Amino acid sequence: MTSTQQDPTRTTEAALVLDGIDKRFGQVHAVKDVSLTINRHEVLGLIGENGAGKSTLLKILTGIYQPDAGSIEVNGTQVRFRRPQDSVAAGIGVVHQEQSLLTNLSVAENLAMTASGSRRAGTRLGFYRWGRINADAAATLDRVGASIDPRTIVGDLSFVDRQMVEIARAVQVDEMVGGTPLVILDEPTSVLERNETEILEREIRTLKEIGSVVFVSHRLDEVLRICDRIAVMRHGELVAERRTDEVTEDELFQLMVGRAAQATQRDDRAGGASQTPVVAVQGLTRRGSFEDVSFEVRSGRTVAIVGTMGSGRESVCRALFGAETWDGGTIELEGTSLSAWSTVKAVKAGVAYVPSERRVEGMVGGLSAAANLTLSHPGSTRRGPFLDPRARNRTAATWFERLDVRPSDPSLPLGSFSGGNQQKVVMAKWLMAEELKVLVLDHPLRGLDPGAKEIVNEQIRAACRDGVAVVLLPDTLEEALEMGDDILVMRDGEVTGRFDLSTEAPTSLDLLEKMV
Amino acid sequence: MSDLKARPAPDAAPAAPASASRPRPRIRGVGEVAALVVLVVVFAVLNPGTFLTLDNLRTVLDQAALPLVIGVGATLVILMGSIDLSVEGVMGAAGMTFVLLSANDRNGLDLGLGAFVVAVAVGLALGLLTGLIHTLLKVPSFIVTLGVWYVGLGIATLLFGQAAIPFLTSDGLTSWPSDTTLGLPHSFLLAFVVVALGALVSRFTRLGRYAFAIGADEQIAQDNGVPVGRYKLYVFALAGGCSALAGIVGSLQLGAGAANVGIGNLFLTIAAVVIGGTALGGGKGGVLRTALGVVLLTVLNNGLILSGVSPNIQSAVSGVVLIVAIAAAGWAYRGRLRIAK
C-alpha cells in the first residue's frame, strides 16, 4: 500500500490510482510503467494511437489481463483483479469498444448477468426471479435516462439504444458497492452518428455527478469538449497529462503521434484525369433500398456518397461489388454493362470493396496478417497451385512498412492486431492488386485514430494517382469534402444532390440540407 | 457461424421504420405446429380407423418417450453451441448397468431402485468426463462425444460379456413403460415430466440461461462473468443423465440388456432439435421446440408405417425431412454473403 506516502487530501479525492503498471505479451511491451490517478467527479480523457496500449491498460483495469508489475488502488484500498467480476465488485464498469452484449437475450438479462453475485442479483440459489430482474433493469435504465423496455431482445435494438444499455450496465456497478462508480467508456462514439453522440455526451455529464469517467476516444475535438483532464499514451507509455483548458487540439495531436499534423488541405489533383468513366451507373434501382441512382466515376477521381441512416448508399456500394442484386438500371464497368454480377467476378474485374464491418466481412481473424494480405490476390506469391510462404512474407513486410502497421510482425494472427491496424491490412489487401480499377470504401476511417486516418487517406490518394476510381462512403461530411472530387447526396434511396468540387465549394450545411 | 455475431452498422439498416422490425414474431414454431397438423390430417385420411385411435396415440407417445428425454439434454448442449454425439453409447452403458443390477437371469443382484440410481450415475459420470475433456483439454465437443459414444458402447459390450442375453425377470418392471395411468403410457409421462423440468431449467435457472449466453458468444459471456467452463460441465453431465434415463427406459421396453439399446436415437434427437428450430450455432431455441420436433418425427414415422410404406424407405424420408427443415429454417438468412460451414 502506497497511500501513506501520498498527500492525504489527494487519496481521499482519488477514485483510482495506478502505480507503475507494466504488461508484456511475449516480445511486445504493451504497457510500460504507467502511473495515473483518476479523481472523483472527474472525466479523464485517455487518448493515443492504435496500438499505443490504451486497450491493454483498460483490460488490466477490468480484470481481463493481469499486470506483470505495478499496483492498483480503488478508493484508497489496494486491489488485485484476477477476473472481470473482481473489478465489477470494486465498482468499475466498462463500455467496451466492441459490443459486449449478448444479442439473443433480453436487455434485463444482460444487465442482470453482470450484477449476479451482488446484493441486488435477481437470482436465488441459481433460480432467476424475472420480476425482480426486469424491475431492477427498468430502474437502472431510468437512471441513465434511457426509455427502453427491459424485456426487449438486445438484437432488436438500434445501435444507440444498445450503447445506452451498455452504459446502464456500466453504471449499475455502484449499486453493488454502494459507492461512486468509475465508468470506462472505450471509444463509445466511434460507431455513432453525430446526433447520437450528443445523447452520449449528455450521459457522460450525468455520470460525472455520480462518479468518475474514463473516456477513450479518437476524436480529439470530442475529448476536448467532454473531458476535464487528458492523458496521452504513445508506444505503451504515458507521455503526457494535460488539463483540458491548457491544451489545444494541435498539441494533443503532436503528443499522440509524436509529430506535427500534416495539412489536411485538398491537394490539387492532376487535372489530366482520363475522360472515360471507369464506372457508369445508370438508373440503378433496387426495390426497398434505392431508386434511379445514376453517377459516373472517372479514373483517378473520388466520388463520396453522403446520406443518413437508411439513405441506401451502402446498398448501392454493395451492388457495385456484386454483394447485392438490383432490379433495374445498369452498371457499366469500362463501357461493358454488367450482368449476373457477383463478388467473384468483381474481384477478377479489379473492383475492391473495403467493408465497414471489417471483423465480420473484411478479414479472417485467425489467419496471419500476411495470409490475409494475400488472400484475394495471391499474385506473385503463387507457385502453380501452391503459395510460396517466403514470397508472401516478403510482400507482407513491404506493405507493413508502407502502412506503418504495428506490431510489425506479419506472421501474427490478424485478429490480434488493434482495430486501426486491422483496417490498414484490410486496405492493403486490395491496394496490392495490380488490376485494381475501382475501390469501394465503406467507412474506411471508422474507429481509427488521427494518425491512422492520415495514413489511410494517403493510401486512398495514392490509389487515385495510380488511376483508380474511388467510391467513398465517408463517416463525416468533413471527410467527404476533404477526400471527394464529386459528392453525391442521397436521401431515402434517391439522389437529392450532386456537387462537383472542382467547380463548386459547398459547405457541410449545403450537404446537410439535401440529406434531411 | 451464427448470424448473431454480426453487428449491423448503424446506418446499414433499411429505411424501414422501427415499427416494421419490432414485432418480429416471437411466437415462432407456428410452422412446426402447422406441419404437425398437416401430417395428422394427411395420415388420418390415408388410414381411416387406424391412425386416429387411442391405441395408436399410445403407441406414438410411447415411441416418442426416449427421444423426448434425450432431447432435453441435447437441446441444452446445442444451445451452448456444442454437440453431444455420445447419446447411444451412454444409453448402452447405463442400460446394461441397470439390467445387471436389477432382477435378471444372469446374476442374483437386485438393487431395486439402487439399480436406477447407479445407472443414472453412470450417465452423469460419462457426461462429466465429456465436459472435463472438452473444457480442460479444449477438445471440440464433436470429437470428445464421438469418442465417448464408443467408450460407452465398449462399457456396455464388456458388461454384456460372452454369456447369454441377460433378461429382466420382473414382469412388473418390464411392463412399466407401456402400462398406463390416466390412459397415458408411463414412459410418456416420465418424458413429459423431464421435458417440463427441462423447460423450467432453460427458462428460470442460471444453468439454462447461461447455456443461452454461452451459445450466443462464449467470449462475451466470459467477460460478463459467466463461469463458462463450469457450466459446460454441468450441461454435459445433465445431458449424460438424460441419455442414461433413456437407456434405462429403453432396456425396460426391451425387457433385456443390449449394448445397442440406443440405436437410431442420435439421428432422431438431433433431427428433432434442428427441426424444432434450435440453431446448431447455439444461442437460439428451446426444449419445448425440440419436444415439438420429436412429436413431428414420431408421427411421421408412425404414419408412414401405417400407410404401408416400406421401412427401408423410411430412413431416407426422415433424412429428406431433416434437410428440407434446415433449408427452410435458414431461408430468411441466405442473403448477405453468408457462408455455411
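Everything numeric here is computed off the predicted structure, so don't read it as measured data.

Caption draft 1: Spatial organisation of the overall build of chain B. The helix and strand inventory of chain B stands at 14 helices and 2 strands. Burial status across chain B gives 48% buried among its 341 residues. In chain B, the proportion of contacts linking residues at least 24 apart, taken out of those at least 6 apart, comes to 77%. On chain B, roughly 15600 Å² of surface is accessible, and the fraction owed to carbon and sulfur atoms is 71%.

Caption draft 2: Representation of the side chain of Thr75(B) in the model. Residue and element names in this part refer to chain B. Within the fold, Thr75 resides in helix 3 (residues 54-79). Classification of Thr75 as buried rests on a relative accessible area of 0%. Those residues within four positions of Thr75 in sequence are excluded, and the remaining contacts are Val273, Thr278, Gly286, Val287 and Thr290.

Caption draft 3: How the structure looks around the pairing of strand 24 (residues 494-500) of chain A. With 6 bridges connecting them, strand 23 (residues 486-491) of chain A and strand 24 of chain A associate as antiparallel partners. Note on strand 24 of chain A: the bridge partner recorded for Asp486(A) is Asp500(A).

Caption draft 4: Structural detail: the side chain of Ser82(B). Among the structural elements, Ser82(B) can be located in the loop between helix 3 and helix 4 (87-101). Non-local contacts of Ser82(B), meaning those with residues more than four positions away in its chain, are made with Val77(B), His134(B), Ser141(B), Lys232(B) and Phe236(B).

Caption draft 5: Structural detail: the environment of Ala121(B). Residues and elements named next belong to chain B. Tracing the backbone through its elements, the reader meets Ala121 in helix 5 (residues 113-136). For Ala121, a relative accessible area of 35% gives the class partly exposed. For the pair Ala121 and Leu245, spaced 124 residues apart in the sequence, the C-alpha separation amounts to 9.8 Å.

Caption draft 6: The arrangement of the nonpolar core in detail. Formed by 79 residues in total, the largest nonpolar core has its most connected members in Val279(A), Phe295(A), Leu333(A), Leu439(A) and Ile487(A). Excluding residues that lie within four positions of it along the chain, Val279(A) makes contacts with Phe295(A), Glu296(A), Val297(A), Leu320(A), Ile331(A), Glu332(A), Leu333(A) and Val438(A). Of all hydrophobic cores here, the second largest spans 67 residues; its members include Ile133(A), Val247(A), Leu79(B) and Ala239(B).

Caption draft 7: Structural detail: the packing of aromatic side chains. Residue and element names in this part refer to chain B. This structure, assessed with the given rule, holds 7 aromatic pairs over all chains. Members of the aromatic cluster, connected to one another through ring pairs, are Tyr210, Tyr231 and Tyr234. Positioned above the aromatic ring of Phe204, the side-chain terminus of Arg203 is 5.9 Å from the ring centre. One cation-aromatic arrangement involves Arg209 over Phe212; the distance from NZ or CZ to the ring centre is 4.7 Å.

Caption draft 8: Molecular detail of the pattern of salt bridges. Residues and elements named next belong to chain A. With the rule as written, the count across this model stands at 24 salt bridges over all chains. In this structure, the salt-bridge partner of Glu201 is Arg225, at a minimum N-O distance of 2.5 Å. Of this pair, Glu201 sits in helix 8 (residues 194-210) while Arg225 sits in helix 9 (residues 220-226), and the two are 24 residues apart along the sequence. Linking Glu324 and Arg286 is a salt bridge whose minimum nitrogen-to-oxygen distance equals 3.3 Å.

Caption draft 9: Spotlight on the packing of helix 5 of chain B against helix 11 (residues 228-254) of chain B. Residue and element names in this part refer to chain B. Contact pair helix 5 / helix 11: the axes reach a minimum separation of 7 Å and the direction vectors enclose 145°. The interaxial crossing formed by helix 5 with helix 11 has right-handed handedness. Between helix 5 and helix 11, the contacting residues are Phe116, Ala119, Val120, Gly123, Leu124, Gly127, Leu128, Thr130, Gly131, Leu132, His134 and Thr135 on the first element and Gly229, Lys232, Leu233, Phe236, Ala237, Gly240, Gly241, Ala244, Leu245 and Ile248 on the second. Class assignment of the residues belonging to the contact of helix 5 with helix 11 gives a composition of 12 nonpolar, 9 polar and 1 charged.

Caption draft 10: Expanded view of unusual backbone geometry. Residues and elements named next belong to chain B. For Lys138, which is not a glycine, the phi torsion comes out positive at approximately 55°. Inspection of the secondary structure puts Lys138 in the loop between helix 5 and helix 6 (141-160). You can call Lys138 exposed: its relative accessible area is 67%. Phi angles above zero are rare outside glycine, and Leu182 is one such case at about 55°. Relative to the assigned elements, Leu182 resides in the loop between strand 1 (180-181) and strand 2 (184-185). Overall, the relative accessible area of 83% leaves Leu182 in the exposed class.

Caption draft 11: Here's a closer look at the confidence of the model for chain A. With 85% of its residues at a pLDDT of 70 or more, chain A shows a mean pLDDT of 79. Every residue in residues 1-12 of chain A scores below 50 in pLDDT, and together they form 11 contacts with partners more than four places removed in sequence or on other chains.

Caption draft 12: Spatial organisation of the sheet that holds strand 16 (residues 328-333) of chain A. Residues and elements named next belong to chain A. Strand order in the open sheet made by the 4 strands is 14-13-16-17, with antiparallel pairing throughout. The open sheet has two edge strands with one neighbour each: strand 14 (290-298) and strand 17 (336-337). For strand 16 and strand 17, the ladder comprises 2 bridges, and the chain directions are antiparallel. Bridging from a neighbouring strand, Glu332 pairs with Ser337 of strand 17. Packing of helix 11 (residues 313-320) onto the sheet brings it into contact with strand 13 (277-286), strand 14 and strand 16, and relative to strand 14 it is tilted by some 60°.

Caption draft 13: Geometry of the environment of Glu332(A). Residue and element names in this part refer to chain A. With respect to the element layout, Glu332 can be found in strand 16. Between the C-alpha atom of Glu332 and that of Val279, which follows or precedes it by 53 residues, the distance is 5.7 Å. If near-sequence neighbours (up to four positions away) are discounted, Glu332 is found in contact with Val278, Val279, Ala280 and Ser337.

Caption draft 14: Here's a closer look at helix 2 (residues 30-46) of chain B. Residue and element names in this part refer to chain B. Helix length check: helix 2 (17 residues) gives 24 Å between terminal C-alpha atoms against 24 Å at 1.5 Å per residue, within 8%. Restricting attention to buried positions, one finds in helix 2 the residues Glu32, Leu36, Leu39 and Phe43. The buried side chains of helix 2 occupy one side of the element, clustering within an arc of 65° when seen end-on. Away from its buried face by more than 90 degrees, helix 2 exposes Val30 and Val45. Lining the buried residues of helix 2 we find helix 12 (265-276) and helix 13 (287-306).

Caption draft 15: Inspection of the confidence of the model for chain B at higher detail. Residues and elements named next belong to chain B. Per-residue confidence for chain B gives a mean pLDDT of 83, with 88% of residues at or over 70. Predicted confidence for residues 1-26 stays below pLDDT 50, and this span has 46 contacts to residues more than four positions away or in other chains. pLDDT under 50 marks residues 335-341. Its contacts with residues more than four places away, or in other chains, come to 9 contacts.

Caption draft 16: Broad picture of helix 8 (residues 186-204) of chain B. Between its first and last C-alpha atoms helix 8 of chain B spans 27 Å; for 19 residues at 1.5 Å apiece the expected length is 27 Å, and the two agree. Listing the buried residues of helix 8 of chain B in full gives His186(B), Ser187(B), Phe188(B), Ala191(B), Val194(B), Val195(B), Gly198(B), Ala199(B) and Ser202(B).

Caption draft 17: Region of the structure containing the sheet that holds strand 21 (residues 438-442) of chain A. Residues and elements named next belong to chain A. Here 6 strands make up an open sheet; going across it, the order is 18-21-22-15-23-24 and the pairing mixed. On the outer flanks of this sheet lie strand 18 (351-354) and strand 24, each paired with one strand and no other. For this sheet the average axis-to-axis angle between neighbouring strands, irrespective of direction, equals 15°. For strand 21 and strand 22 (residues 469-473), the ladder comprises 5 bridges, and the chain directions are parallel.

Caption draft 18: View of a negative patch on the surface. Residues and elements named next belong to chain A. A cluster of acidic residues, Asp221, Glu249, Asp250 and Glu478, forms a negative patch at the surface. As for its placement among the helices and strands, Glu478 is situated in helix 18 (residues 477-483). Residue class for Glu478 comes out partly exposed when judged on its relative accessible area of 47%.

Caption draft 19: Layout of the environment of Val74(A). Residue and element names in this part refer to chain A. Note on placement: Val74 falls in strand 4 (residues 69-74). According to the relative accessible area criterion, Val74 is buried, its value standing at 9%. With 18 residues separating them in the primary sequence, Val74 and Ile92 have C-alpha atoms 9.1 Å apart. In this structure, Val74 is in contact with Ala15, Leu16, Val79, Phe81, Ala90 and Ile92, ignoring residues within four places of it in sequence.

Each value, and the rule that gives it
Residues numbered from 1 in each chain as written. Chains lettered and ligands numbered in written order. Predicted model: local features only at pLDDT ≥ 70, side-chain atom pairs only at ≥ 80, totals over all residues. Heavy atoms only, no water. Helix = DSSP H or I, 4+ residues; strand = E, 2+ residues; numbered from the N terminus. Buried < 20%, exposed > 50% of the residue type's maximum accessible area, 1.4 Å probe, protein only. Contact = heavy atoms within 4.5 Å. Areas by Shrake-Rupley, 256 points an atom, 1.4 Å probe, with all protein chains shown as cover. Pairing = 2+ DSSP bridges. Core = buried A, V, L, I, M, F, W, Y, C linked by side-chain atoms within 4.5 Å. Phe/Tyr/Trp six-rings, centres within 6.5 Å; stacked < 30°, edge-to-face > 60°. Lys NZ or Arg CZ within 6 Å of the ring centre and 35° of its normal. Salt bridge = Lys/Arg side-chain N within 4 Å of Asp/Glu carboxyl O. Axes fitted to C-alpha atoms, helices over the stretch in contact; angles between N-to-C directions. Left-handed = near helix turned anticlockwise from the far one by under 90°. Nonpolar A, V, L, I, M, F, W, Y, C, P; charged D, E, K, R; others polar. pLDDT = per-residue confidence, 0-100. Expected span 1.5 Å × (residues − 1). Arc of directions from axis to C-beta. Patch = residues over 30% accessible without salt bridge, like charges linked within 9 Å, V, L, I, M, F, W, Y side chains within 5 Å. Lys, Arg positive; Asp, Glu negative; His and termini not counted. Charge placed at Lys NZ, Arg CZ, Asp CG, Glu CD.

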